[in-house]
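Report on the structure
Now for the letters of each chain:
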Amino acid sequence: MSERLIVRKVTRRSFLAGLGATAALPILAACQPQVVEKTVEKVVTQIVEKEKIVEKPVEKIVEKTVEKIVTQVVEKEKIVEKQVVVTPTLEPLRKVGKELLYPTKEGGKVVLDVSKYPTKFSESPLFKKMVDAKQLPPIEQRLPVREDLLVVEPLFETGKYGGTIRRGFTGPGDRQNLGRFANHDMFLFWDFGVENLIPNVAKGWELSKDYTKVKLFLRKGLRWSDGQPVTANDMVFWHDDVWNNKELVPRKSVHMAVTTKEGPVEGKMVKIDDYTVEYQFAGPYASFPEQLANLNPITGPAEDWQLTGVAGGIMPTHYMKQFHSKYTPKAELDQRVKDAKVDNWVALFKLKHNWYLNTELPCFTGYKPVSPINTSTWVVERNPYFYQVDTAGNQLPYTDRIVLTLAEDIEVLNLRAIAGEFDYQDRHIQLTKLPVFLQNEKIGNYKVWLDPGDYGSIASVIFNNSFDKDPEIQKWILNIDFRKALSMAIDRSQLNEAFFSGLGTVGSGVPLPTNPFYPGDQYRMPEWVNFNLQKANETLDKLGLDKKDSEGYRLRTDGKGRLQIWVACQKLGHLDICAYAEMIGQMWKKVGIFLEPKNLPAPQIDELTKNNEIMMTIWENNSSEVMFEQAGNYIPVNWPNTLGPEISKWFDTGGKEGKAPPPHMEMEKVVELWRKGRTLPREERVPLGKEIWKIMIEKLYHIGTVGFVPIFLGMHVVKNNMGNVQRRTAVSSSGQTPGNARPQTYYWKS
């Protein structure tokens, strides 16, 4: 007897009906603010009926899929929309019901009270056999000393050892798939709600009273995955011989620097003893501990998601010295370069310090790589020297390995997830397929949970404020009224319906009112957020763009033909940003603006950005809700920032390189406020953060569209017999979702 895998084409109506018919309460349409009265005529004479039979093998069962599109006739209708002013909330999602959207975020907890640490320890049966065979030291010799352990309290109960977690991935570029799930090897980290800073690889930190020094304490007995001890010498090697080597790091990020009157000044790292280092800065840097918890080049060696090969703040010195010109004779190093088929020792060094490709690289993550990411089956297995245990003294993780299977494309990955072929999948799961996932929960033996993000715009139009390749385009990009006109020409409600099934909230891009930096409702819903074609057209006419070609597109004012703008975009697993851009382009066509979306691979976008050749991009503004922790793409620092690569270079170098920002954009004030905020304790940054948001909204650094959507890591699909899995995740780049929920405590109940 076989069960049927149900797959249907999803429309707005079937989406809502599907939810109501399966596991949730009906979703009501979101009350979206509008300002204009408009008449919309819709004429659909017929949609062709078709019936399609697909035979799909799913775990030895041949199943048939029936897809139908019902014939419809829609009469002309008049829709009148009037302005409704609301405070942004997650109300559209809350109406789903707790069967999908659990009321609170949750996850495993780090125990900070040493008196509650276990005194006896257990290990995986696999490791116990190796210990008995003298292939591994006893568990007590593989863990840090008791007071330096990291103890995790599982979400629900003590787990059991064994088993494999199956996931899907899309290829070598999908590094964060496992990086978020299993790496998170930063010195410090965040709790499950991404609210409080907690120890991680380091057991603690100490901030001086004047905020100019930070001591970091390593765990005594911490070991690399090959059993070698981890000490402060490994941090000194990274700082002195890698970070400060101009061949390896020709241009540094700002994470190790503070800004003084003389410009950015690089901080120092000084060894205090074998387990303590001190970071020293030329000025206050109260937020530096937070930098040690986030995704950046100075912490988290395995999390080097940009594949710089030099990131992490620490390296296994005993292993990496053999690839460094300072420590290895030239003839010997040249031979290694030749054997690796790379150009020089720098390329060799970066290749060898790559957790995703080099399975021999020692690490201190919960799992160590067995096969590299550039294979069809990417495998990691438990690390026998992992420094974390549960409250009962069991060494984590509970599961033996994680196996990721390559999917030909996003569609295939989602179909496999629907069929129950994955045990925990959040990355690349598509919100548009939610009804199909719900209809197949029983067949696939899984549960679906929604995880909305707290950031205000899942896809924002971002202007390159340093673009100068075309003076005419440059003039308009820097014109705030031009930006407002483009914003008023965007029907955000249509985007919300088309891409998010009405589950999002339209607005400018500011975070939720619960965020400490929320600047006020008037900044969430300024006038230019409301859809108003008439005012958009009038604004463009008044600016002097009142002449059009035969197709209705506006002409350049320099007499060189049509005004054409192009936008860089990508087709991501959770959102086709190019399709999003195409719809915006169709909206802008109604006000005579020609927009050409260019679907480009990430490396090409990066190169064009570095060369200052991109006019604008469309991207999410995640991390904006944690403003002083990550600059993201909304504070114009950290070259090559999409807000203006040459401007970010100017800020990074203290004006020695790059291009000064246009005065009317008030970027110098924004960066000054942001840099000042990083010198202060968290509670003292709040008024500065609010002021930054006000400027960014008034000057339209971004054109925000729709936010608070469960789309980027916004759904997790988990097997029913997997234990300790959170019902709602705090989606965060800082928290490396779902790493903040502690996947090392997931286990198989049966």
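Details of the structure are given in the entry above.
Definitions and limits used
- Residues numbered from 1 in each chain as written.
- Predicted model: local features only at pLDDT ≥ 70, side-chain atom pairs only at ≥ 80, totals over all residues.
- Heavy atoms only, no water.
- Helix = DSSP H or I, 4+ residues; strand = E, 2+ residues; numbered from the N terminus.
- Contact = heavy atoms within 4.5 Å.
- Phe/Tyr/Trp six-rings, centres within 6.5 Å; stacked < 30°, edge-to-face > 60°.
- Buried < 20%, exposed > 50% of the residue type's maximum accessible area, 1.4 Å probe, protein only.
- Pairing = 2+ DSSP bridges.
- Axes fitted to C-alpha atoms, helices over the stretch in contact; angles between N-to-C directions.
- Parallel < 35°, antiparallel > 145°, perpendicular 65-115°, else oblique.
- Left-handed = near helix turned anticlockwise from the far one by under 90°.
- Polar contact = N/O pair within 3.5 Å; in protein donor to acceptor, adjacent residues only side chain to side chain.
- 1 Å grid on protein atoms, 1.4 Å probe; cavity = no way out; pocket = protein on both sides within 12 Å on 5 of 7 lines; lining within 4 Å.
- Points joined across faces, edges and corners; volume = space filled by probe spheres on them.
- Nonpolar A, V, L, I, M, F, W, Y, C, P; charged D, E, K, R; others polar.

Assignment of secondary structure puts Pro264 in strand 11 (residues 263-266). Sequence-wise, Pro264 and Gly655 are 391 residues apart; in three dimensions their C-alpha atoms are separated by 9.9 Å. The contact partners of Pro264, leaving out residues within four places of it in the chain, are Val258, Thr259, Phe651, Asp652, Thr653 and Gly654.

A word on the packing of aromatic side chains. Under the counting rule described, the total for this entry stands at 27 aromatic pairs. Measuring from ring centre to ring centre gives 6.1 Å for Tyr398 and Tyr747, while their planes differ by 75 degrees; the resulting arrangement is edge-to-face. Taken together, the positions of Tyr398 in the loop between strand 16 (388-390) and strand 17 (401-406) and Tyr747 in strand 29 (residues 747-748) put the pair 349 residues apart, joining distant regions of the chain. Both residues of the pair, Tyr398 and Tyr747, count as buried. On the basis of an interplanar angle of 65 degrees and a centroid distance of 6.2 Å, the ring pair of Phe437 and Tyr446 is categorised as edge-to-face. In this structure, Phe437 and Tyr446 share a single accessibility class: buried. Aromatic ring contacts, followed pair by pair, group Phe169, Trp355, Tyr356 and Trp378 into a single cluster.

Below, the discussion takes up the sheet that holds strand 12 (residues 268-273). In a beta sheet, neighbouring strands pair by backbone hydrogen bonds and run either parallel or antiparallel. With respect to topology, four strands assemble into an open sheet ordered 8-9-13-12, the strand pairing being antiparallel. The open sheet has two edge strands with one neighbour each: strand 8 (202-207) and strand 12. Neighbour-to-neighbour, the strand axes of this sheet turn through a mean angle of 20 degrees, independent of strand direction. Bridge count between strand 12 and strand 13 (residues 276-280): five bridges; the pairing is antiparallel. Residue pairing for strand 13: Asp273 is matched across the bridge by Thr276. Contacts from helix 6 (residues 232-243) reach strand 9 (213-218), strand 12 and strand 13, with the element oriented near 160 degrees to strand 12.

Turning our attention to the sheet that holds strand 18 (residues 424-425). What the three strands build is an open sheet, ordered 18-27-19; its pairing is antiparallel. The sheet is open, and its two edges are formed by strand 18 and strand 19 (446-450), each paired on a single side. Taken together, the two bridges between strand 18 and strand 27 (residues 715-719) define a ladder with antiparallel strand orientation. By the bridge assignment for strand 27, Tyr424 is matched with Val718.

Of note, the bond from Trp639 into Pro640 is cis; its omega dihedral lies within 30 degrees of zero at 0 degrees. Structurally, the position occupied by Pro640 is in the loop between strand 24 (616-619) and helix 21 (645-652). The omega torsion of the bond from Thr737 to Pro738 falls at 5 degrees, within 30 degrees of zero and hence cis. Structurally, Pro738 is set in the loop between strand 28 (722-723) and strand 29. A positive phi angle is found at Glu666, which is not glycine, with a value near 55 degrees. With respect to the element layout, Glu666 can be found in the loop between helix 21 and helix 22 (667-679). By relative accessible area, which is 27% here, Glu666 ends up partly exposed.

Burial analysis of helix 5 (residues 175-183) places nine of its nine residues in the buried class, the great majority of the element. On its buried face, helix 5 is in contact with strand 5 (164-169), strand 14 (367-369), strand 15 (377-382), strand 17 and strand 18. His184 sits one or two positions beyond helix 5 and adopts a positive phi of about 30 degrees.

Here we take up the packing of helix 9 (residues 330-340) against helix 10 (residues 345-352). Where helix 9 contacts helix 10, the axes come no closer than 9 Å and their chain directions differ by 65 degrees. With respect to helix 10, the element helix 9 is oriented roughly perpendicular. Of the two elements, helix 9 crosses helix 10, and the hand of that crossing is left-handed. Facing helix 9, whose interface residues are Leu333, Arg336, Val337 and Ala340, helix 10 presents Trp345, Leu348 and Leu351.

This part is about the side chain of Glu278. Residue position: Glu278 is located in strand 13. At 2.8 Å, the side chain of Glu278 forms a polar contact with the side chain of Gln280. When residues no more than four places from it in sequence are discounted, the contact partners of Glu278 are Lys213, Val214, Lys215, Lys268, Met269, Val270 and Ile272.

Attention shifts here to empty space enclosed by the protein. What the rule picks out here adds up to four cavities of 30 Å³ or more. Each pocket or cavity is described by its volume, and for the largest cavity that value is around 110 Å³. Lining the largest cavity are 17 residues, and of these Ala182, Asn183, His184, Gly366 and Phe386 lie nearest its centre. With three residues, helix 5 is the single largest residue contributor to the lining of the largest cavity. Class assignment of the residues belonging to the lining of the largest cavity gives a composition of nine nonpolar, seven polar and one charged. The space that makes up the second largest cavity amounts to roughly 80 Å³. Every residue along the wall of the second largest cavity is listed here: Ser457, Ser460, Ser508, Gly509, Asn621, Tyr634, Trp693, Met696, Ile697, Tyr701, His702 and Gly704. Its residues placed into classes, the lining of the second largest cavity shows five nonpolar, seven polar and no charged.

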